[in-house]
Structures are given as C-alpha cells and as structure tokens.
Amino acid sequence: MMLKHFYVKHKNDNKTPELIKSLLKSVIISLVLYISSSCSAQSLQDSIYDPGYLPPQDSSLKVNVGDKAPDFTLPSIKGNNVSLSDYMGKNNVVISFVPSAFTPVCSDQWPGYNIAETLFKKYDAVLLGITTDNTPSLFAWTQQMGDLWFPVLSDFYPHGKVADQFGILRSNGISERALFVIDKKGIIRYIDVHDINKRPPIDGIIHALEAIENK
Amino acid sequence: MMRVYYFFLCALIIFVHGCVTYTDWDTSDQKLDSSPIFNTRLYPLSPQDANYLQLSETRNSVLLPLLQADVIILEFFNMYCIKCQMFQPRINELYQLSQSQQYRDKVKIIGIGAGNTDMEVSLYKEKYSVAFPLFADPQLEVSENYRVRLLPYFVVIKRSSTGEFKIVYSDTGGFYDAQTFLRQTQK
C-alpha cells in the first residue's frame, strides 16, 4: 500500500530517478551494515573445524623444569624471524604452543591472553604463540582475533622442529597444548603439557611468573 | 520528502532487524524453571559488591533470592570469548543506565564467568572496568543450571506479583539497544 502510494505520487515526478537511486542506496548501505555486523561477529566461530575428542597427550617431554630451554628461530606472521635468545637477559618468556589453527579450544585461548598484556608486562614477560601451521594460515586465523600484542610464530618447516625439541610434537604432526615459562637466564621454570581437549587456566602462567619475580 | 522516506526506510530496517533477532522475551510460565535460581550461591562477595546488591557487607556469598531487586540480569561471559570481550562495553552501558534513579534499586546486574577461575574473572573485570559484581564459575555449575549455550548469554530474572523470582528471558547474543533492553525488563 505504501509502495503503491509512493509510486502513484511520484511516477511523473522528474526527481523520481534521483529519489529511487537514493532510496536504493540507503537500502544497500543498511543491508551491508546489517550483514557485515552479523558476519564480523560470527566469522571466527563459523570457520572452526572440530576435530572431536583427541587423546589428551601423545608425546614425551624432552625437557624438564630447571633445564636450559632449547633456542630456536621461527618466522612470525609479521614477516620477521623471532628467536628465543632475543629475549634472554631482558624478559621472562611464556611460550604457548597450541595444536592447530581454526580449531575450537585453540581459537579461544589466545584471545584471552590478548586481554592480559598488562599482567604479562607486570612480570616483565613476553608471550610467544606457536603452532605447527604455516604462516599464511596462522595469519588468516589470528586476524580474526583482533590485533594480538604478542608474536605468533610458525613451526611449520622443518615441520614441528621446535615442538619436537621440547618433546611435545604429537604423532600426527600437531603440537600438544603446552605452556612453558622460561626465565631471563633461559631456564625453564614451569611446564604444563595440558590435556589437548581443554584450555589451561591462566593461573598457572601467572603463578609461575610470580615465583620467578619473587625469587 | 526524500529525507522522510529515507528515515522511514531506515526505521523499518531497524525494526525488522529487532524483530528477527530479539524476540525471546517470554513472560508466560511455560519455559520457566525456577529451581536453578535457588541453587545458585555466588562467592566470594566483596564488600563493594555486597553494597551494590544491598546486602550486609559482612556476607561472603550471595543467593539470588536474598536480593531485594525486582529484576536481576545475569550476564554469562568468558574471559577467552571474543564476542564477550566485544560486547562488554555495551553491558557496561546497560549498567550505567541501570544506575539511574528510575532503575537503581529495581535492577541489579551480575556477571558469571562461565569456565573461568577467580583470577581470570578479576583480570576481565579490570580490563573492561566492570563496575557490577562478577563471579567465577570454573566448573560450570551455575552455567549448567541455567542451561547456558553460546556466550555471551543473558538471563533476566524477575520478581512476580507473588514475590517469587522467575526467568523471563534467556538467550545467547545480547541486545541491540541497552535502553530498550532495560525498559523491556520492566514490562
């Protein structure tokens, strides 16, 4: 009815094409805004692949608390290389290995660390996020998490070399869900090879950093 | 004239959007299950939070039926959930609106960190400057009572005319407009 009225009233109006054009424009803008707001909120969730339940652990640690952490150099999604030794003497280092990009638990582990920057800084710590995915996949995945404050590193080639150095490379080529806290001297002070199906609480990391700083 | 049509068109789109997404209010007794309310003990309760909830500052935990408010809004969140992080400023806005004279004593907001530890909830509270009480639910006991699904998840509990609390709204997502959502709780 409203449309009929609109049509009758304006069908001989010279301004009609301009008016219709403007209305169409408004419809398109509104729809784009509506669709984009819906999509941006769901994009990460929609791109998740669920591997189902996995054996909690499938590897044997090659390092222990008190050992010197094996040094490594890996490419980051920013395009530069990052070495563990870059931080020695300057920062405590927390390494978060997660099994795989675009999987359920991993996709909501680093976003939590992303809002904890102040807490890491309080303990003079940097965080390194590592998976065995290749750099482009890691880039695409972490882009959906917003602007991560910590380096994200790819242990893709030689495949899983760093994960294997720590003894957390599983038989199918992904890493365990594991946390290592390394002090400024390069000594491993905390290890949590977590059940791969569950997200470790941040408490373990923070307590380990507290222990280092209060020593 | 063009502006008038533009205005009505935008209003129509916003109205349709609102209808499609936010129509889960239910004041009938059909979907109500009041038992979880009475099983929900939340702790630890800080003196500031006790003050906000109009309880004695010496209390260290709270059961929802103890509250004097007519409406309790529960926000289920998780520190690791991106959508929760993105939506938190809107809930803070809801809290600010609820502090107006009109709602101050009638509406109370409580956040539940589904699957979070006390430390994670504290971190989240500080990061987003959340002024209302947040409680950890590491074993998901509270969240499972309320059958929480995807986060963020909201439950609105309202005191009925007979003085009993009942759930009038529960859904994943959030709200389009804080003022409208708050007004809806009063209907």
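This structure is a prediction, so every number in the text was calculated from the model and none was measured.

Student: So what exactly am I meant to see when it comes to the sheet that holds strand β3 (residues 71–77) of chain B here?
Tutor: To summarise the sheet geometry, strands pair through backbone hydrogen bonds and adopt either a parallel or an antiparallel arrangement. Residue and element names in this part refer to chain B. Read across the open sheet, the 5 strands follow the order β5-β4-β3-β6-β7; overall the sheet is mixed. For this open sheet the edge positions go to β5 (134–137) and β7 (165–172), each flanked by a neighbour on one side alone. Taking the axes of each pair of neighbouring strands and ignoring which way they run, one obtains an average angle of 20 degrees across the sheet. Relative to strand β4 (residues 107–114), β3 runs parallel, the two sharing 7 bridges. Note on β4: the bridge partner recorded for Val71 is Val107. Across the face of the sheet, helix α4 (residues 82–98) comes into contact with β3 and β4 while running at roughly 160 degrees to β4. Its contacts with the sheet put helix α5 (residues 118–127) on β4 and β5, and the angle it makes with β5 is roughly 150 degrees.

Student: What should I look at first to understand the pairing of β3 of chain B in this one?
Tutor: Residue and element names in this part refer to chain B. With 7 of its 7 residues buried, β3 lies for the most part within the structure. Side chains Val71, Ile73, Glu75 and Phe77 of β3 all project onto a buried face; the interleaved residues Ile72, Leu74 and Phe76 project onto the opposite face, where all are buried too. Following the chain from β3 across α4 to the adjacent parallel β4, one finds a crossover that is right-handed. Here β3 pairs with strand β6 (residues 153–159) via 6 bridges, running antiparallel. Bridging across to β6, Phe76 finds its partner in Tyr153.

Student: It is not clear to me how the confidence of the model for chain A should be interpreted in this structure. Could you clarify?
Tutor: Any residue range with low pLDDT should be treated as having predicted coordinates unsuitable for detailed reading. Residue and element names in this part refer to chain A. Looking at chain A, pLDDT values average 85 and 79% of them are 70 or higher. In the predicted structure, residues 1–13 sits below a pLDDT of 50 and forms 3 contacts with residues beyond four places in sequence or in another chain. Considering only residues more than four positions removed or in separate chains, one finds that residues 32–42, a stretch of pLDDT under 50, has 2 contacts.

Student: Please explain α4 of chain B as it appears in this structure.
Tutor: Counting along an α-helix, one turn takes 3.6 residues, and residues three or four places apart therefore face a common direction. All names here are of chain B. The terminal C-alpha atoms of α4, which comprises 17 residues, lie 25 Å apart, in line with the 24 Å expected from a rise of 1.5 Å per residue. The largest bend in α4 amounts to roughly 40 degrees and is located at Gln88, with the proline Pro89 lying one to four residues further along. Burial in α4 covers these residues: Ile82, Lys83, Cys84, Gln85, Phe87, Gln88, Ile91, Leu94, Tyr95 and Ser98.

Thresholds applied
Residues numbered from 1 in each chain as written. Chains lettered and ligands numbered in written order. Predicted model: local features only at pLDDT ≥ 70, side-chain atom pairs only at ≥ 80, totals over all residues. Pairing = 2+ DSSP bridges. Helix = DSSP H or I, 4+ residues; strand = E, 2+ residues; numbered from the N terminus. Axes fitted to C-alpha atoms, helices over the stretch in contact; angles between N-to-C directions. Contact = placed C-beta atoms within 7 Å. Buried ≥ 20, exposed ≤ 12 C-beta atoms within 10 Å, placed from the backbone. Right-handed = clockwise from strand over helix to strand, strands pointing away. pLDDT = per-residue confidence, 0-100. Expected span 1.5 Å × (residues − 1). Bend = angle between axes of the 7 residues up to and from the residue.

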